[in-house]
Amino acid sequence: MSTNPPAPAMDGSALLDEVEAFHRRFNIFPLEAAYVAVTLWDAHAHLLDCFDSTPRLAFLSPEPGSGKSRALEIVETLVPQPMVAVNASASALFRAVSGMEGRPTILFDEIDTVFGPKAGENEQLRGFLNAGHRRSGVMWRCVGDGSNQQVQEFPSFCGVAVAGLGSLPDTILTRSVIVRMRRRAPNEQVEPFRQRIHEKEGHALRDRLAAWAQSVRHLVDGVFPELPEGISDRPADVWEPLLAIADAAGATWPERARTACIELVNAAKTSDKGSTGIRLLTDLRDYVFNGIDRLPTVAILDRLHSLEEAPWADMSGKPLDARGLSRMLREYMTADNAPIAARNIKAGGSVMKGYYASDLHDAWQRYCPPPAESALLPLLPLPGSSEAVSG
């Protein structure tokens, strides 16, 4: 009895090269690392059940016309079960994830209309995007008629890519691979995307990605790839699935993926500075205290307001004041595990409320990125700042 010869193994590295080349035809990304990350994200969407978490992919820019929607459009042709959402409600999304045949990959354009400064809060959608980052993520809802209500669990684990102006809530940013898009320069040219023609090419690549994904499932299922030095916690959750895909593809992809991981994680630290609270702590360390052991609140606020690229001079239309500074800093603890609070400072024969670097030091070590190599010169010490302090 004759048997058919086994099908030749698919070359995953060459396939990912083709997917990357497809993006390069229509997308201009700001960094080479972004092409690597987006290509791996496309592939990982075909293997979600192999991972404990799935990173969000975020195309963000400060201005329209920067190629965000086009990037999302190309991703749409390459991922399984794409579901394009604009202004979709959280209820619609989690019902789609739990009810469709096959888990959708949600592509959310104009995300700034949901989380932008004029949109207000949208806690349900934020909760959906946060919960769906991990395999165990679910949404709980009451289902039924009238008083006959039952609590029902809705799975929310799914791949999500978003595009929008500005930024995103910190809880979503830290779960994302972030691509900061820019308008194309005159010397940057891309091929026009013709949906009737090029969508078929993308779908052909998508089908090959799906077939390759099934062939390497045993190589990525439950595997925890080696992470670059210094990548841990949330960045590790974001990058582990992408690195596992790269390792399965082989050739140059494992090295390229780890280089991209380091570059994009460091870029996110530099541009976002974490939450607003971490931004405040970092600015206090680098630009306000910077060698001074104590400062009155009025001097701290004056220095914060003078930082041109910082938000402190315009917090929802008003500058940060003493009450707001106190409220933000009390969220963090001193080394003695007491909330950071203003204390009395004696200076020039008077007593003023202010803050001590020693109270902030523990929070600086725990939350802030490494200090910049070149910081501002220290402020001149206040007259009498070495005098005794009353707590």
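Residues numbered from 1 in each chain as written. Predicted model: local features only at pLDDT ≥ 70, side-chain atom pairs only at ≥ 80, totals over all residues. Heavy atoms only, no water.

Here we look at the overall build of the protein
- Broken down by element type, the protein carries 15 helices and ten strands.
- Out of the 391 residues belonging to the protein, those deemed buried represent 45%.
- Restricting the contact set of the protein to residue pairs at least 6 apart, pairs at least 24 apart contribute 70%.
- Carbon together with sulfur atoms contributes 51% to the accessible area of the protein, which is approximately 20,000 Å² in total. (Helix = DSSP H or I, 4+ residues; strand = E, 2+ residues; numbered from the N terminus. Buried < 20%, exposed > 50% of the residue type's maximum accessible area, 1.4 Å probe, protein only. Contact = heavy atoms within 4.5 Å. Areas by Shrake-Rupley, 256 points an atom, 1.4 Å probe, with all protein chains shown as cover.)

Quick word on the pattern of salt bridges
- Applying the stated criterion to the full structure yields 15 salt bridges.
- Put simply, R208 and E18 hold a salt bridge, and the shortest N to O gap is 2.8 Å. One end of the pair, R208, is in helix 8 (residues 195-215); the other, E18, is in helix 1 (residues 12-26), and 190 residues separate them in sequence.
- Judged by relative accessible area, R208 falls into the partly exposed class, the value being 34%.
- With its nearest N and O atoms 2.6 Å apart, the salt bridge here joins D362 to R366. In this pair, D362 and R366 both sit in helix 15 (residues 357-367), four residues apart, roughly one turn of the helix.
- Residue R366 is classed as exposed on the basis of its relative accessible area, which comes to 61%. (Salt bridge = Lys/Arg side-chain N within 4 Å of Asp/Glu carboxyl O.)

Side note on the packing of aromatic side chains
- Per the counting criterion, the structure on display carries six aromatic pairs.
- For the pair F26 and F193, a centre-to-centre distance of 5.3 Å together with 85° between the ring planes defines the contact as edge-to-face. Residue F26 is located in helix 1, and its partner F193 is located in the loop between strand 7 (176-180) and helix 8; the two are separated by 167 residues in the primary sequence.
- Residue F26 is classed as buried on the basis of its relative accessible area of 3%. (Phe/Tyr/Trp six-rings, centres within 6.5 Å; stacked < 30°, edge-to-face > 60°.)

Points about the packing of helix 12 (residues 276-289) against helix 15
- The interhelical angle for the contact between helix 12 and helix 15, taken along N-to-C directions, is 125°, at an axis separation of 10 Å. If you check the angle between helix 12 and helix 15, you find them oblique. Helix 12 and helix 15 meet at a crossing whose hand is left-handed. On helix 15, the residues touching I278, L281, L284, R285 and F289 of helix 12 are A357, L360, A363, W364 and Y367.
- For the contact of helix 12 with helix 15, a count of residues per class yields nine nonpolar, no polar and one charged. (Axes fitted to C-alpha atoms, helices over the stretch in contact; angles between N-to-C directions. Parallel < 35°, antiparallel > 145°, perpendicular 65-115°, else oblique. Left-handed = near helix turned anticlockwise from the far one by under 90°. Nonpolar A, V, L, I, M, F, W, Y, C, P; charged D, E, K, R; others polar.)

Let's talk about the environment of L280
- Structurally, L280 is set in helix 12.
- It is 8.9 Å that separates the C-alpha atoms of L280 and L325, two residues lying 45 residues apart in sequence.
- What L280 contacts, discounting residues up to four positions off in sequence, is L304, W312, L320, L325, M328 and L329.

Some points on the pairing of strand 6 (residues 160-165)
- Among the six residues of strand 6, five are classified as buried, and the element is accordingly described as predominantly covered.
- By the bridge criterion, five bridges tie strand 1 (residues 56-61) to strand 6 in an arrangement that is parallel. By the bridge assignment, S61 is partnered in strand 6 with L165.
- Pairing of strand 3 (residues 105-108) with strand 6, which is carried by three bridges, proceeds in the parallel orientation. In the sheet register, F108 faces strand 6, and the bridge partner there is V162. (Pairing = 2+ DSSP bridges.)

Observations concerning the sheet that holds strand 7
- Pairing is parallel in the open sheet, where five strands are placed in the order 2-3-6-1-7. Lying at the two open borders of the sheet, with one neighbouring strand each, are strand 2 (82-85) and strand 7. Neighbour to neighbour, the strand axes of the sheet diverge by 15° on average, direction disregarded.
- Each of strand 1, strand 3, strand 6 and strand 7 is contacted by helix 2 (residues 32-44), which is oriented at about 140° to strand 1, the strand it contacts most.

Brief notes about the sheet that holds strand 9 (residues 343-347)
- Pairing is antiparallel in the open sheet, where three strands are placed in the order 8-10-9. The open sheet has two free edges, formed respectively by strand 8 (294-296) and strand 9, since each of these has just one partner strand. Adjacent strand axes in the sheet meet at a mean angle of 55° when their direction is disregarded.
- One ladder, built from three bridges, connects strand 8 with strand 10 (residues 350-356); its direction is antiparallel. Across the sheet, the residue bridging to P296 is G354, located in strand 10.
- The strands touched by helix 15 are strand 9 and strand 10; relative to strand 10, the strand with the most contacts, the crossing angle is about 10°.

These values are about where atoms sit, not about what they do.
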